[in-house]
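Structural description and commentary
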Amino acid sequence: MKLGGSRVWITGASSGIGEALAAELAGRGARVAISARRAELLERQAQRHRMVPVALDVSDRAAVLAAAATVRDELGGIDVAILNAAAYGRMDVAAWDPDVFRRQVDVNLMGMVYGIEAVLPDMRRARAGSIVGMASVAGYRGLPSSQAYGPTKAAQINLLESLRIDLRPLGIAVTTVCPGFVRTDLTAGNTFRMPWMLEPADAARRIADGLAGGKAEIVFPWQMMLAMKAARLVPVRPWSEILSRQATTRHLS
Ligand SMILES: NC(=O)c1ccc[n+]([C@@H]2O[C@H](COP(=O)([O-])OP(=O)(O)OC[C@H]3O[C@@H](n4cnc5c(N)ncnc54)[C@H](OP(=O)(O)O)[C@@H]3O)[C@@H](O)[C@H]2O)c1
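Along each chain, residues carry numbers from 1 onward, in the same order as the chain's sequence is written. The predicted origin of the model limits local features to residues at a pLDDT of at least 70 and limits the giving and counting of side-chain atom pairs to 80 or more, whereas totals for whole chains, interfaces and linings rest on all residues. The basis for every side-chain value is the complete set of heavy atoms in the structure, and neither hydrogens nor water enter the calculation.

1. Quick word on the environment of Ser-14
Among the structural elements, Ser-14 can be located in the loop between strand S1 (7–11) and helix H1 (16–27). Note on classification: 1.4 Å probe, protein chains only; a residue is buried when its accessible area is under 20% of the maximum for its type, exposed when over 50%, partly exposed between these limits. Of the residues examined, Ser-14 reaches a relative accessible area of 9% and is grouped as buried. Each C-alpha atom of the pair Ser-14 and Pro-53 lies 9.6 Å from the other, and the pair is 39 residues apart in sequence. Note on contacts: a residue pair is in contact if any heavy atoms of the two residues lie within 4.5 Å. Not counting the four nearest positions on each side in its chain, Ser-14 is found in contact with Glu-19, Ala-36, Arg-38, Leu-41 and Leu-42. Put simply, DSSP marks the helices as runs of H or I at least four residues long and the strands as runs of E at least two long, and each gets a number from the N terminus on.

Pasting the structure below:
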């Protein structure tokens, strides 16, 4: 994919990976529009990097469609849509809260669905374009306290794979990004060990390199990719035994 000169819309760009990726892509010559809820952060970033800020809540379908229309007006079109916004909330089996679950479905999954809805008609007409979805290796297997976040990421991985099949003949590329741990607000509250942690700028460089190389799937770092792809081969019973032993140790410590 040619990044220089391309018109990129990225959601979840007020902090973390999205913020770093927007800056990385602007640095590589892309024209970038950035979206998230915190308008003041978007404004500041837009001034620093000459981007177009468009505030929105991705769980609000009408707001996503309106924001995409604004971005199209400002940039003259959208070549690359990076659907990156997400929320993380730990689930607690001692206080099962469907609202925590619903929030993550609304933001992570429905937010991506609305983003696709917003860009797909124009891309189909143009028979060109690229949809990039930010999933996670956390979607590969069930993980402790991840009964909401994990399923949204697993659903994103499957959705994007399915979408790639149907959009390929139309000339529209679909890229699935699955980072390992990255030091952002999303991981700031984690109390467990996070191996192979990357800084957002490093993650952004790897994603931009993957996009430039036309990859369908970008998974990093390689240690996490190997560990989590191998984890998918572990049978269900030993997987849950190992993970619940670790979770119990954590709860006891
Ligand atoms: N950090 C990691 O280790 C890691 C690993 C794998 C995958 N990921 C994925 O990477 C992506 C970015 O996460 P991050 O780690 O960079 O976390 P982050 O710093 O918390 O970024 C999340 C972004 O999403 C936006 N957002 C949240 N709810 C929103 C809503 N309702 N509407 C619009 N924007 C919303 C936030 O902005 P506002 O609050 O301003 O709306 C923020 O810009 C997510 O998809 C996450 O699942 C992260």
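2. So, the nonpolar core
Grouped burial of nonpolar side chains is what soluble globular proteins tend to show. Counting residues in hydrophobic clusters, the biggest one holds 30 residues, and the most contacted among them are Ile-10, Leu-21, Leu-25, Val-32, Ile-34, Ile-82 and Ile-207. Listed by contribution, the elements that provide at least two residues to this core are S1, H1, strand S2 (31–35), helix H2 (39–49), strand S4 (80–83), strand S5 (130–134), helix H7 (200–212) and strand S7 (217–220). With residues near it in sequence (within four places) discarded, Ile-34 still touches Ile-10, Ala-13, Ala-22, Leu-42, Gln-45, Ala-46, Met-51, Val-52, Pro-53 and Val-54. Grouped together as the second largest cluster of nonpolar side chains are 29 residues, Leu-56, Met-112, Tyr-114 and Ile-131 included. Put simply, a nonpolar core is a bunch of buried Ala, Val, Leu, Ile, Met, Phe, Trp, Tyr and Cys residues held in one set by side-chain atoms that sit within 4.5 Å of each other.

3. Description of the site of the ligand
A molecule or strand has a residue near it when one of that residue's heavy atoms lies within 4 Å. Lining the immediate surroundings of the ligand are 30 residues, of which Arg-37, Arg-38, Tyr-149, Val-182 and Thr-184 lie closest. Arg-38 places a polar side-chain atom, nitrogen or oxygen, 2.7 Å from an oxygen atom of the ligand. Identification of polar contacts relies on pairs of N or O atoms within 3.5 Å, with a donor-acceptor requirement for protein atoms, meaning one able to donate a hydrogen and the other able to accept it, and with residues adjacent in sequence counted only if both atoms are side-chain atoms. Between the ligand and the protein, one listed contact pairs an oxygen atom with a backbone N or O atom of Asn-84 at 2.8 Å. If the ligand stood free it would expose 880 Å²; the protein chains cover 95% of that surface. Where the shell around the ligand is concerned, the elements lending two or more residues are H1, helix H4 (98–126), helix H5 (149–167) and helix H6 (185–188). The accessible surface values rely on the Shrake-Rupley method and a 1.4 Å probe; as for residues, cover is taken only from the protein chains in view.

4. Regarding the packing of H1 against H7
Two quantities define a packed helix pair, namely the angle between the axes and the distance from one axis to the other. Every axis corresponds to a line fitted to the C-alpha atoms, with the helix fit spanning only the stretch in contact, and the corresponding angles, defined between N-to-C directions, vary from 0 to 180 degrees. Running from N to C, H1 and H7 cross one another at 55°; their axes reach a closest spacing of 8 Å. As the angle between them shows, H1 and H7 are arranged oblique. H7 is crossed by H1, and the crossing has right-handed handedness. Between H1 and H7, the contacting residues are Gly-16, Ile-17, Ala-20, Leu-21, Glu-24 and Leu-25 on the first element and Pro-200, Ala-201, Ala-204, Arg-205, Ile-207 and Ala-208 on the second. Basically, the charged four are Asp, Glu, Lys and Arg, the nonpolar ten are Ala, Val, Leu, Ile, Met, Phe, Trp, Tyr, Cys and Pro, and anything else, Gly included, counts as polar. Split by residue class, the contact of H1 with H7 holds nine nonpolar, one polar and two charged. Should an angle lie under 35 degrees it is considered roughly parallel, over 145 roughly antiparallel, and from 65 to 115 roughly perpendicular; all remaining angles are considered oblique. Crossing handedness is defined as follows: a turn of the near helix away from the far one that is anticlockwise and smaller than a right angle gives a left-handed crossing, while the clockwise case is right-handed.

5. Concerning the packing of helix H3 (residues 61–75) against H4
At a minimum axis separation of 8 Å, H3 and H4 run at an interaxial angle of 40°. For the element pair H3 / H4, the angle class is oblique. Regarding H3 and H4, the two cross each other, and that crossing is right-handed. Here H3 contributes Arg-61, Val-64, Leu-65, Ala-68 and Arg-72 to the contact with H4, which in turn contributes Tyr-114, Gly-115, Glu-117, Ala-118, Val-119 and Asp-122. For the contact of H3 with H4, the residue count by class is six nonpolar, one polar and four charged.

6. Regarding the environment of Ala-230
Relative to the elements of secondary structure, Ala-230 occurs in helix H8 (residues 222–231). The partly exposed category is assigned to Ala-230, whose relative accessible area is 41%. Taking the C-alpha atoms as reference, Ala-230 lies 19 Å from Ser-146; in sequence the two are 84 residues apart.

7. Observations concerning the environment of Ala-247
Position of Ala-247 among the secondary structure elements: in helix H9 (residues 236–252). Residues Ala-247 and Ser-145, 102 residues apart in the sequence, show an inter-C-alpha distance of 9.0 Å.

8. Focus on the sheet that holds S5
Spatially, S3-S2-S1-S4-S5-S6-S7 is the arrangement adopted by the seven strands of the open sheet, whose pairing is parallel. The open sheet is flanked by strand S3 (52–53) and S7, the only strands paired with a single partner. Note: S1 against S4, three bridges, orientation parallel. Along S4, the bridge assignment pairs Trp-9 with Ala-81. Each of S1, S4 and S5 touches H4; the most contacted strand, S5, lies at about 170° to it. The pairing criterion for strands is at least two bridges between them, as found by DSSP.

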